Amino acid sequence: MTTAPGATPLPDLDTRERIFHLVRDFYRQVAMDDLLGPVFAAAHVDWSAHIPKLTDFWAKQLLGEPGYDGNPLRAHEPVHARRPFAPELFARWLELFESTVDERFAGPLADRAKSRARRMARALALLLDGVHAPGSVPIDAGFTTHAPVPRAS
Ligand code: HEM
C-alpha cells in the first residue's frame, strides 16, 4: 500500500493491542453485515468471548504468542451444519477482513494476516465441502479451492 506524500504511514500489525483493534473492528462489521451477520447470530456467538479468542488466534499467527490452542477448522463444522456456508460468505468474509486491515495497517505482518486469512478460507472451504451431507451442493469458494495451498509466508 502506498502512503500519500506527507501522510503518516500506517503501522504494521506488530503488537497485541493493534491486533485487538483489527479483530474488534472486523467483527463489528461482520455483525452488521447482511450476509455474515445472520450466520454469527444463528451460532449465538458470544462476542465477549469471541473477540479475545480471535485476538489470541491472530497473536499466535502473527507474533508467535502462545495462548490460542483451539482447532479453527473443526470449530466451524457445527456452525456450517446449522447454516451451510455459501461460497459468497467466504468471499465477503475475506473482502471485509482485507479492507479492515488495509484501512488501518500496512507492512509485512498486515500482508501475512491477509495471506493467512485466504489460506484458512481455502482450507475451510475444502473441509466443509468434505462434511457436506450427500446430495447437497458442494462448496466452491470461488477462488482456486482446489489449487495447491501456498507455502506459509
Ligand atoms: C465464511 C467465512 C466464515 C464464517 C461465516 C465464520 C464464522 C464463524 C463462527 C460462527 C464461529 C464460531 C464463533 C463461536 O461459536 O463463538 C467462528 C469461529 C472461528 N473462526 Fe470463523 N468464520 C469464517 C471464516 C473464518 C476464517 C477465514 C478464519 C481464519 C482466518 C476464521 C477463524 C475463526 C476462528 C479462529 C474461530 C474460533 C475457533 C475456536 O473456537 O477455537 N474464520 N467462525
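Structure's up top.
Residues numbered from 1 in each chain as written. Predicted model: local features only at pLDDT ≥ 70, side-chain atom pairs only at ≥ 80, totals over all residues.

### Considering the site of the ligand
- Residues in contact with the ligand amount to 23 residues; listed here are only the nearest, Gly70, Pro72, Ala75, Leu89 and Met120.
- Elements with a contribution of two residues or more to the shell around the ligand: helix H2 (37-42), helix H3 (47-63), helix H4 (72-75), helix H6 (87-104) and helix H7 (108-130).
- Of the residues belonging to the shell around the ligand, the class tally is 18 nonpolar, 3 polar and 2 charged. (Near = placed C-beta within 6 Å. Helix = DSSP H or I, 4+ residues; strand = E, 2+ residues; numbered from the N terminus. Nonpolar A, V, L, I, M, F, W, Y, C, P; charged D, E, K, R; others polar.)

### Remarks on helix H1 (residues 16-32)
- Between its first and last C-alpha, H1 extends 25 Å over 17 residues, near the 24 Å set by a 1.5 Å rise per residue.
- Packed against the buried residues of H1 are H2, H3 and H6. (Expected span 1.5 Å × (residues − 1). Contact = placed C-beta atoms within 7 Å.)

### Examining unusual backbone geometry
- Positive phi, normally seen in glycine, also occurs at histidine 44, with a value near 50 degrees.
- With respect to the helices, strands and loops of the structure, histidine 44 is situated in the loop between H2 and H3.
- On the neighbour-count criterion, histidine 44 (7 C-beta atoms within 10 Å) is exposed. (Buried ≥ 20, exposed ≤ 12 C-beta atoms within 10 Å, placed from the backbone.)

### Observations regarding the nonpolar core
- Ranked by size, the top nonpolar core spans 15 residues in total, and within it Leu13, Ile19, Leu22, Leu62 and Ala113 carry the most contacts.
- Where this core is concerned, the elements lending two or more residues are H1, H3 and H7.
- Here leucine 13 is in contact with Arg18, Ile19, Leu22, Leu62, Phe105, Leu109, Ala110 and Ala113, once residues within four sequence places are set aside.
- Residues Phe90, Trp93, Leu124 and Ala125 belong to the second largest nonpolar core, which totals 8 residues. (Core = buried A, V, L, I, M, F, W, Y, C linked by C-beta atoms within 7 Å.)

### Section: H6
- Over its 18 residues, H6 runs 27 Å from end to end, which matches the ideal 26 Å to within 8%, given 1.5 Å per residue.
- Here H6 has its buried residues at Leu89, Phe90, Trp93, Thr100 and Val101. End-on view of H6: buried residues confined to an arc of 105 degrees, all on one side of the axis. Residues Ser99 and Glu103 are exposed on H6 and point more than 90 degrees away from its buried face. (Arc of directions from axis to C-beta.)

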